[in-house]
Every structure is written in C-alpha cells, then in structure tokens.
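Take a look at the letters that make up each chain.
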Amino acid sequence: MARTKLIAGNWKMNQTVAEATGLIAALRAQAAAMEGKDVAVCPPFTTLAAVVAAVAGTPIRVGAQNVHWADSGAYTGEVSAAMLREIPVTYVIIGHSERRQYFGETDKTVNQRLLAALKAGLTPIVCVGELLQQREANQTEAVVTTQIRDSLAGLSAAQLAATVIAYEPVWAIGTGKTASPEQAQAVHALLRALLRQSHGAVADSVRLLYGGSMKPNNAAQLLSQPDIDGGLIGGASLDVEQFMGIIKSA
Ligand code: PEP
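All residue numbers here refer to positions counted from 1 along the written sequence of the relevant chain. Whole-chain, interface and lining totals are the exception, using all residues; otherwise, since this is a predicted model, local features are given only for residues with pLDDT of at least 70 and side-chain atom pairs are given and counted only at 80 or more. Side-chain numbers here rest on the full set of heavy atoms in the structure, without hydrogens or water.

> Help me understand the layout of surface pockets, please; the structure alone is not making it clear to me.
Gaps left between atoms show up when a probe the size of a water molecule is rolled over them. Here a cavity denotes grid points, spaced 1 Å and computed from the protein atoms alone, that fit a 1.4 Å probe unable to get out, and a pocket denotes an open set having protein on both sides within 12 Å along at least 5 of 7 lines; residues with an atom within 4 Å of a point are the lining. Grid points are joined across faces, edges and corners, and a volume is the space filled by probe spheres set on the points. If you add up the space inside the largest pocket, you get close to 420 Å³. The biggest single contributor to the lining of the largest pocket is helix 4 (residues 97-102), with three residues. All amino acids are sorted into three groups, where Ala, Val, Leu, Ile, Met, Phe, Trp, Tyr, Cys and Pro are nonpolar, Asp, Glu, Lys and Arg are charged, and the leftover types, Gly among them, are polar. For the lining of the largest pocket, the per-class residue count stands at nine nonpolar, five polar and four charged. For the second largest pocket, the calculated volume is near 200 Å³. In DSSP terms, a helix is any run of H or I states spanning at least four residues, a strand is any run of E spanning at least two, and both are numbered starting from the N terminus.

Right, dumping it as structure tokens:
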C-alpha cells in the first residue's frame, strides 16, 4: 500500500511568533517542492495560531507538541485536544523522549493523550525509541515492543489507521548521531510486524517516521527504506535550507 511520505518539523521550545513568521515565509516561497509529500511544522503552543494563519494556502500543516487527556479542568499548564482543534491544528506529537525524560511521561499517559487526540480528530504522532544503554544491552526490541503495546492499548484498527508513529532512538536525538538506514529499517520492520500482529492488515497503511539527527545528507538513504515513511525533524527543521533539503529527499 502506498504511504505518502510525511516530513514533520518539531520546533521544540524554539521560535517566538516574530521568528516563526519569518521561517514560514521562507518555507512558503518553496512550497512547490512539497508537492506529493505531506509537510508539517510543530511549533510551541504560543505560536500555533500565528503559524496556522501564516501557512494558509500552502500545503504545510501544523501540529502541537503535546495534548492533555481531559476535556477541561484543573490541569495547570496543560492544553486540551478541543483547544488544539479550535486553532485548528492537524497533528499533535505525543510521548516525545524529551517529555518522557524531563516531564515524567509514561506509556500510560501517552496512551491517555493519544485516545483524547484521536477522539478530537487530531492526527497523533506517537514517539517511541530506546536509550543508548538499552541499545548497547541489546534491549531495543524489548523496549519498543513494550512502548508500542502500552502506548497503543485499546486502539481500534480505524484509530490505528489515523495514527502516525515515530521511531526516535533517544541516542540519536539532537546528538548528530543517526541510526544507520539498516538499523532504522530493522526497527521499523519490527514495529510494522507488531502492528500487524495486534491490528491486522491496517498496519500496512500506518506511517512510521524516523527521527534522530535526520539531515539533508542522510535523509535520502533513510527515507528510501521500505518501512520508513517520513521523518520527524528537530534541529534541521529550524533551518529552511536543511528542512527543504530533507523534504526534497523524500
Ligand atoms: C526530535 O526532536 O524529534 C528530533 C528528531 O530531533 P533532532 O532532529 O534534532 O535529532
């Protein structure tokens, strides 16, 4: 089954509204190169509305970097799925390793956030991936298997079809170290096999992104692997030339 490549930029805690407007203007000028691919940027909450306005009329879609599971209530500092829909954003990153590492995110809370995002009609990008010590201890397979099982618990086949999964080896995020195309493909093939086991044929339509120091000079090789359907791009998504270079490689 043909899966349209998705290149999504995770801006993390970068870009004020003023900075983002400039970045989007530069991306707009190259929108023709995005044809045939899905492109998204995921700015901080404070910048979402301005970026949604700035991308109007382009193929660029916008995503948030987190979402809470409750509809509303006493959750200081959190944002609900309905609030994101109102802006409106299309995607939401859930369970990024930085959320897991610094903010106590677990597979259980990832699962709760995921179900809320799906209920609201957002397209979630669920992140999984092993730490360096886990890879060195040959635990990669076990770690991502547990993450996938617990993060996706209770999802119907239709909900899985509406979900994007990003494999992001934690040792490759922001380090300049990339998984080799073979290493990444091996984990992506495992993920797809797990999804096939749990949800059947719909697994073949689920997009599996790779993330971890993807740059223009390694993107083409990674993105040509049979089970790599796009990229979640951190650092390089803040640089127009690099982000466009990756999009052109897809
Ligand atoms: C990320 O934050 O999701 C990421 C992949 O970062 P980087 O591209 O900077 O490694």
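Next comes the rest of the description.
> Explanation requested: the pattern of salt bridges in the structure shown.
For side chains bearing opposite charge, pairing can occur when the charged atoms are close. Salt bridges are defined as contacts in which a side-chain nitrogen from Lys or Arg sits within 4 Å of a carboxyl oxygen from Asp or Glu. Inspection of the entire model under this criterion finds 14 salt bridges. For Glu 105, the salt bridge identified is with Arg 99, shortest N-O distance 3.7 Å. Across the pair Asp 107 and Arg 100 runs a salt bridge, and its minimum N-O distance is 2.7 Å. The rule is simple: take the accessible area with a 1.4 Å probe, protein chains only, and divide by the maximum for that residue type; under 20% is buried, over 50% is exposed, in between is partly exposed. For Asp 107, a relative accessible area of 15% gives the class buried.

> Mind showing me how you'd approach the packing of helix 7 (residues 140-151) against helix 9 (residues 181-199) here?
Working note: a packed helix pair is described by the angle between its axes plus the distance between those axes. Orientation is described by axes fitted as lines to C-alpha atoms, over the contacting stretch for helices, and by angles from 0 to 180 degrees between their N-to-C directions. Here helix 7 crosses helix 9 at 40 degrees, and the two axes come no closer than 11 Å. Classed by the angle they form, the pair helix 7 and helix 9 counts as oblique. Note on packing geometry: the crossing formed by helix 7 with helix 9 is right-handed. Here helix 7 contributes Thr 140, Glu 141, Val 144, Thr 145 and Ile 148 to the contact with helix 9, which in turn contributes Val 187, Leu 190, Leu 191, Leu 194 and Leu 195. Broken down by class, the residue content of the contact of helix 7 with helix 9 amounts to seven nonpolar, two polar and one charged. Just so you know how the angles are binned, under 35 degrees is roughly parallel, over 145 roughly antiparallel, 65 to 115 roughly perpendicular, and the rest oblique. Left-handed describes a crossing in which the near helix is turned anticlockwise from the far one by less than a right angle; the clockwise case is right-handed. When checking whether two residues touch, look at their non-hydrogen atoms; a contact exists if any pair is within 4.5 Å.

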